[in-house]
Structure formats: structure tokens, C-alpha cells
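Architecture at a glance
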Amino acid sequence: MSSGLTFSAKLPFKTEENEDLSGCYADLESSALYRMLPSNAREYVKHSPHLLEYLNIFPVNQYGIPLFFSELNNDAKKAETLNLIYPADGDTFIHILQDPDDVRNYYIPIEPSFLHSVGYLLPPVETRLIDLLDALETDPITEEERIAVLKKLIKEIVYIKKPDEEINPDLLDGTQKTSVKDRVVKFLNTDFSSKKKLDTSEVDKGITRLPDGRIVVTPQEHRALEYMMIRDKIEMGILKPFLSDPYIEDISCDGVGPIFIEHKAFKGLKSVIGFTDSGPLDQFVIKMAERIKKPITYRNPVVDATLPDGSRINIVYGSDISRHGSNFTIRKVNEEPLSILHLINSKTCDFMLAAYLWICLEFGMSLFVSGETASGKTTTLNAITTFLPPENKIVTIEDTPELTVPHRNWTREVAKGKGKGEGEGSDVTMFDLLKAALRQRPNQILVGEIRGVEGSVAFSAMQTGHPVMSTFHAASVEKLIQRLCGDPILIPKTHVDNLNIVIIQSAVRRPGGGTVRRMLSVNELVGYDPQTQGFSFVEMFHWDPVTDEHVFCGRGSSYLLENKIATLLGIPESKRNEIYFEVDKRAKILQRLNDAGYLRFWDLFHTISKIKKQGLLKIEV
């Protein structure tokens, strides 16, 4: 990413300097503002002085000192007036501030470069960097290596002035001056005989150089410079704070104007960062597309891709098709997927529903999670993979990689579409990958989303005994069946009942005004009646919007539990009702794991694997 791109950061308040911080960096206790901060905020300031600088310009007399949260708990979410700060990562903090005049409140990223304008330093530093990088014997490969090299080279280029230090070049240690100068001469091939002329031209820009060529900067400028160079050259530029924030779900830039986000705790927010002109915005999306190796042009103005962290991004380039200018939307993924216990705690489902899915998936039932866009389908599909037997071989097929399967025997296939420059015949579709997966002897096939002709292969796989799990866009079982049997999927109606379970999930509004994700129903597809040309399905669970609870309405009438799973277990017909006790038992196991704190995705999977190995899941016939 280029550091020369223009964007705006417009603060929603009138800045005021509460005190002079110039002498406080060596002794923070000398700052009255620092002493007013709570203990956790002081710890943050010790490692990130730019946080104190931000608070120093924040009108605390008007808003009060922000509350500081290490994690956003229920207390943060229930705050009546929003004025709080939390860390996004080691360098960046987020300030959430109430806007009394808008439904969207302010999202203010506090970065090391936020208050230090070091843009004037970037051209000479970049010029030196080019020569120093050319002199490297080996090229850094990983992102961590590139960051380490960049930090090292920046320290070669600058001299960090100590607080209150008066620069007198003539008094520098001769050995230090010579060694550094020799290295700079070697790397840059610089003729320092013209130093005086160079210094004269750069003084006007506010740049001070030592005789050995290094640029004099304050510790704050060095921190800001280092942060900006890494952010813009290696990472995703101005999107870094948004991508670093674990509480963000979606990031959207609709064109010229602010960047909007969807927040897990505070819902819709507007960022103080945005674009004021279409030119810089076009430049930014072009650089971003190049960064993810999906070049964008007027001929191919739409890109769907994956960012290095796994987030999904859609880019639309140019004002010809996007009247407000280029736009982009990023749907973030969690580094660690949410577990089924996370979904239970957020009331997406309950323990009994999860236990029912557990036993059904363990015995090879095929399942679709269906619902509208942003209803949490992929999150749910990912969460329930912990219920698949740990010894199974799993094959995932996606066009954009999002699924994370905890099993060691996992084959991950990703479709390869147009736009990568490989030439004709280079496309590999989900249809191709699904056909190939049938030859890989998987125990389960997971398809990121079924939208087209790959659906027919998925149902062929179900007919041959390969359980398939996928997401689907339909708001009800009836609409799902209509789409499956219609163009372009065209599943024969007699094949639809190879699909065993359909979960209908939705984002719903609650009386409190918030939007939550709920499994509206869990349904078993029983069969197709050729005479009436109708499908029969039984609702096992439904969500009661009044109580916000899930009801096991199918207890005693489950076709899958009584006729399929009980048969596989050899349970006699007279005792088939006992299969429901197994659901109860597993619900209690999940409850105990939740109470014991095994909420995280990997912890839950490994614990379930141990429980199974110990024979605690064995069903007595």
C-alpha cells in the first residue's frame, strides 16, 4: 500500500490542549491528566504515550474522562452515554463517542500517527529505503520478516533525539559518526560533499539532518513514522485499525465520505476516517486490489477476494457504475471461529438444540443452514463442525475461504475464478471441486455456499452416502425447496429428501432495538409425495419470539432420531423413545463444559474428543 494516499480524519469535537506534555514523557507522574486516569488507562499510556496525547486534546471538561475497558463486557454495552476506549491491538485504541444527533455514534481510531504529522518525512525516508533495500543480501519473505527489516532500516535512517536534547553535530562521537557514515555511503552511494546544499534545501521542509545523513526525529515522530511505514507498506493502510479490531463485523466505504462499520457491541457506527475526493479513493482501491493480487481495471471493475487475514472483500471501482465513487465492503472473519457454546450464550440456539445437532451430525446426517444475507449462516456451520467425529476426513469446498475445521484430516479446496491472468481454461469451479471430492473418500463434505449447478453434485453425493453440509440463501424450508428444484440447480424432487436437516436462521429485531441472530427453526425433511407433489417436513425446534427461547416441539416425533439413528444403533422399536434421553445427556454435557469455561472453539473440540475417547458418549442399547 502506498503511504502517499490522501484521506481525512475529522474529529467530532473541538480540540483543546489540556496541558503542556513536552516535559512529561520522561516522568508521566508529572502530568496532571495522567494522574487523573484510572489504573488500567495508566498502564496503556506507559506503553503507548500517543494515547495520553489524544486525551490531552480531548475536551474532558465537556465529555468527562472516557471509561477504559480491556474487553467489551456487558457493562460497556449497557452504557447510557457512550464515551469509552478499548484496545484494538498493541498500537491502536478505539474511542467510541456518543453522537446525540445521529443514530450512528462515532468510531475514532487512536493510532501512533494520529497526532504526529510526519508526512513531510516520508519522501526522504522512502528514498533512502529504496537504496537500503536494494543492498539487502536476501529478501525477507514473511510479513514478520519484512516488518523486522523495515524497523531496522528506519533506525539506520533516523536519529532519535532524547527529550530536551540539544543537537550539536560537532560533538557526536567520532567512531559512531564514521561507522554510520560508512554504512550509509556503502548502501546509498551518497556524495556527502553536497551535504550543505542538501541540508539547505531540506531545512525549508522542517527536516534536520546530522552530518552523517541521518534525519533527526523525536521519539514520538519515530514511533509515528515506523507505524505509518509498516501500516502503509506492508499492511492494509488506513484499514489497519478496523482489521485489528476484534469487535468489528463489517467495514464499508460507500464512496466519498466516511467509512462505516458494523460493531458487535455497538451496532452501526461511523468512523471519523473517510475519503473527501474520488481520486484518492480510486487510488486506494487500486492499491488494495494489487495488494491482494486481484488487479482491478475499468474493464474488470468488480472484485470479490480474500484479504490476508481471511476477511472477505468486495470492491467496485470507478464512478461509471458507482455514482458516489469507488466502494468496498469487507466482511471480517474471526481468527478463531466462534464455538457452539458462544452461539448458545448469545441465544442463537440452546443446549438442547445443540445436543440434537450433535447426535445427528455424528451419525452422518446431511444439513443445510439457510437464511438471508448476514444472518450468521457460515458462523453456525463453522461452529457445529466440532460435533463431527474427530477421526473423520473432512473436505471443504469454497469460492472464498471462510470455514475453519478443527479436524487434522482436513482437505481445503478453493475455487479459482477469472481475473488472475492464467489464461483460458484455468478456471476451477466449485462444481469441479465437488466432483473431485467424491474421489477423495471424505466422511463429510462441507460446501461454503450452494448457489448453482454444484447443488446437483452435492445431492448426488448425498445419494451415494456422502454427508454434505452447506449454507443456502432461503428464508424458509418451502423457499429452499423451490430454489433447489428450480433453475439453475434443478434437483429432481424425488432427490430432495436426501437432505436430512434444514436450519432456518435469521437476523431479527428485539424489543430493545438491537439486532440479534437466531435459529428460527430446525426441520427434518421426511419425504416427497408424488401424488400431491408435496414435501413433508417436521419442525424439531422453533424459536419463540415472546420468550426468546427455543422449544423442542419435535420431542417424540423425530424421524431421524427414531428411524435412522436408532436403527443404526440397533435399538429395538419398542425402546426407540430412549434415544431422546441421549439428547438430554448431551445437552447436560454441553452445559457442564460451558460452566467449566470450555467455550473456545479449539478447547471445545479437543474436550469433546477426549469425552468420546473415554467412552462417555457411548449409547447403551
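Refer to the structure presented above.
Residues numbered from 1 in each chain as written. Predicted model: local features only at pLDDT ≥ 70, side-chain atom pairs only at ≥ 80, totals over all residues. Heavy atoms only, no water.

1. Things to note about the overall build of the protein chain
A count of helical and extended segments in the protein chain gives 21 helices and 22 strands. Here the protein chain, with 621 residues, has 50% of them falling under the buried criterion. Sequence-distant contacts, at least 24 apart, represent 59% of the contacts inside the protein chain between residues at least 6 apart. For the protein chain, the exposed surface amounts to about 29,700 Å²; the carbon and sulfur share of it is 49%. (Helix = DSSP H or I, 4+ residues; strand = E, 2+ residues; numbered from the N terminus. Buried < 20%, exposed > 50% of the residue type's maximum accessible area, 1.4 Å probe, protein only. Contact = heavy atoms within 4.5 Å. Areas by Shrake-Rupley, 256 points an atom, 1.4 Å probe, with all protein chains shown as cover.)

2. Observations concerning the packing of aromatic side chains
This model, assessed by the stated rule, comprises 19 aromatic pairs. Each ring, one from phenylalanine 13 and one from tyrosine 54, has its centre 6.2 Å from the other, and the planes form 70 degrees; the classification is edge-to-face. Of this pair, phenylalanine 13 sits in the loop between strand 1 (8–9) and helix 1 (32–36) while tyrosine 54 sits in helix 3 (residues 49–57), and the two are 41 residues apart along the sequence. Of the two residues, phenylalanine 13 and tyrosine 54, neither departs from the other in class, the shared state being buried. An angle of 10 degrees between the planes, with centres 4.4 Å apart, marks the rings of phenylalanine 541 and phenylalanine 552 as stacked. With phenylalanine 541 in strand 21 (residues 534–544) and phenylalanine 552 in the loop between strand 22 (549–551) and helix 19 (559–569), this residue pair connects regions lying 11 residues apart in the sequence. Judged on exposure class, the residue phenylalanine 541 and its partner phenylalanine 552 are both buried. (Phe/Tyr/Trp six-rings, centres within 6.5 Å; stacked < 30°, edge-to-face > 60°.)

3. Some points on the packing of helix 19 against helix 20 (residues 579–595)
Where helix 19 contacts helix 20, the two axes come as close as 10 Å, and the packing angle between them is 90 degrees. Between helix 19 and helix 20, the crossing angle belongs to the class labelled roughly perpendicular. Contact with helix 19, carried on its side by Leu561, Glu562, Ile565 and Leu569, involves Ile579, Tyr580 and Val583 of helix 20 and no other residues of that element. (Axes fitted to C-alpha atoms, helices over the stretch in contact; angles between N-to-C directions. Parallel < 35°, antiparallel > 145°, perpendicular 65-115°, else oblique.)

4. Points about the environment of leucine 84
Checked against the element boundaries, leucine 84 lands in strand 3 (residues 83–87). Assessed through its relative accessible area of 1%, leucine 84 is described here as buried. In sequence terms leucine 84 and isoleucine 94 are 10 residues apart; their C-alpha atoms lie 8.2 Å from each other. Not counting residues within four places of it along the chain, the set of residues in contact with leucine 84 comprises Pro66, Leu67, Phe69, Leu72, Ala76, Ile94, His95, Ile96 and Phe266.

5. Points about the sheet that holds strand 20 (residues 515–529)
In any sheet, the strands associate via hydrogen bonds between backbone groups, in a parallel or an antiparallel arrangement. The mixed open sheet is built from nine strands, whose spatial order is 16-15-17-18-14-19-20-21-22. The outermost strands of the open sheet, each flanked by one partner alone, are strand 16 (410–414) and strand 22. For this sheet, the mean angle separating the axes of adjacent strands, direction not counted, is 20 degrees. Where strand 17 (residues 444–447) and strand 18 (residues 468–472) come together, three bridges link them in parallel fashion. Counted as the bridge partner of isoleucine 445 is valine 468 from strand 18. (Pairing = 2+ DSSP bridges.)

6. Looking at the side chain of asparagine 523
Mapped onto the secondary structure, asparagine 523 falls in strand 20. Given the relative accessible area of 2%, asparagine 523 is considered buried. At 2.9 Å, the side chain of asparagine 523 forms a polar contact with the side chain of serine 521. Once residues within four sequence positions are removed from consideration, asparagine 523 is found in contact with Val477, Asn500, Ile501, Val502, Ile504, Phe537, Val538, Glu539 and Met540. (Polar contact = N/O pair within 3.5 Å; in protein donor to acceptor, adjacent residues only side chain to side chain.)

7. Some remarks on unusual backbone geometry
In this structure, proline 488 follows aspartate 487 across a cis peptide bond, with omega equal to 10 degrees. Mapped onto the elements, proline 488 comes out in the loop between helix 18 (477–485) and strand 19 (501–509). Backbone geometry at arginine 441 places phi at a positive 50 degrees, although glycine is not the residue there. Mapped onto the fold, arginine 441 is located in the loop between helix 16 (430–437) and strand 17. Located in the positive-phi region is leucine 490, a residue other than glycine, with phi close to 55 degrees. Counting through the fold element by element, leucine 490 comes out in the loop between helix 18 and strand 19.

8. Some details on the environment of isoleucine 565
By secondary structure assignment, the location of isoleucine 565 is in helix 19. What makes isoleucine 565 buried here is its relative accessible area of 0%. Considered as a pair, isoleucine 565 and cysteine 360 are 205 residues apart in the sequence and their alpha carbons are 7.6 Å apart. If near-sequence neighbours (up to four positions away) are discounted, isoleucine 565 is found in contact with Ile359, Cys360, Phe363, Met365, Leu560 and Ile579.

9. Some remarks on helix 17 (residues 454–463)
With seven of its 10 residues buried, helix 17 lies for the most part within the structure. Of the residues making up helix 17, those classed as buried are Glu454, Gly455, Val457, Ala458, Phe459, Ala461 and Met462. Where helix 17 is buried, its residues meet strand 14 (367–371), helix 16, strand 17, strand 18 and helix 18. Backbone geometry just after helix 17 places glycine 465 at a positive phi near 95 degrees.

10. Some words on the pattern of salt bridges
Following the criterion strictly, the structure yields 25 salt bridges and no others. Residues arginine 600 and glutamate 336 are paired through a salt bridge, measuring 2.6 Å at the closest nitrogen-oxygen approach. With arginine 600 in the loop between helix 20 and helix 21 (601–613) and glutamate 336 in the loop between strand 13 (327–331) and helix 13 (340–345), this pair connects stretches of sequence that are 264 residues apart. Residue glutamate 336 is classed as partly exposed on the basis of its relative accessible area, which comes to 22%. In this structure, the salt-bridge partner of aspartate 548 is arginine 518, at a minimum N-O distance of 2.8 Å. Here arginine 518 lies in strand 20 and aspartate 548 lies in the loop between strand 21 and strand 22, a separation of 30 residues in the sequence. (Salt bridge = Lys/Arg side-chain N within 4 Å of Asp/Glu carboxyl O.)

11. Observations concerning helix 12 (residues 278–291)
Owing to its 3.6 residues per turn, the α-helix aligns residues three or four sequence positions apart on the same side. The terminal C-alpha atoms of helix 12, which comprises 14 residues, lie 20 Å apart, in line with the 20 Å expected from a rise of 1.5 Å per residue. Residues of helix 12 that are buried in the fold lie against strand 8 (248–253), strand 10 (267–275), strand 12 (312–316) and strand 13. Where helix 12 begins, the side chain of aspartate 277 points an oxygen toward the backbone nitrogen of glycine 279, at a separation of 3.1 Å. Immediately beyond the C-terminal end of helix 12, within one or two residues, lies lysine 293, with a positive phi of roughly 60 degrees. (Expected span 1.5 Å × (residues − 1).)

12. Thoughts on the pairing of strand 13
On a regular strand, one side chain projects to one face of the sheet and the next to the other, so that they alternate. Bridge count between strand 8 and strand 13: four bridges; the pairing is antiparallel. By the bridge assignment, aspartate 250 is partnered in strand 13 with arginine 331. Across five bridges, strand 12 lies against strand 13 in antiparallel orientation. In the sheet register, valine 316 faces strand 13, and the bridge partner there is asparagine 327.

Purely geometric numbers; function is a separate question.
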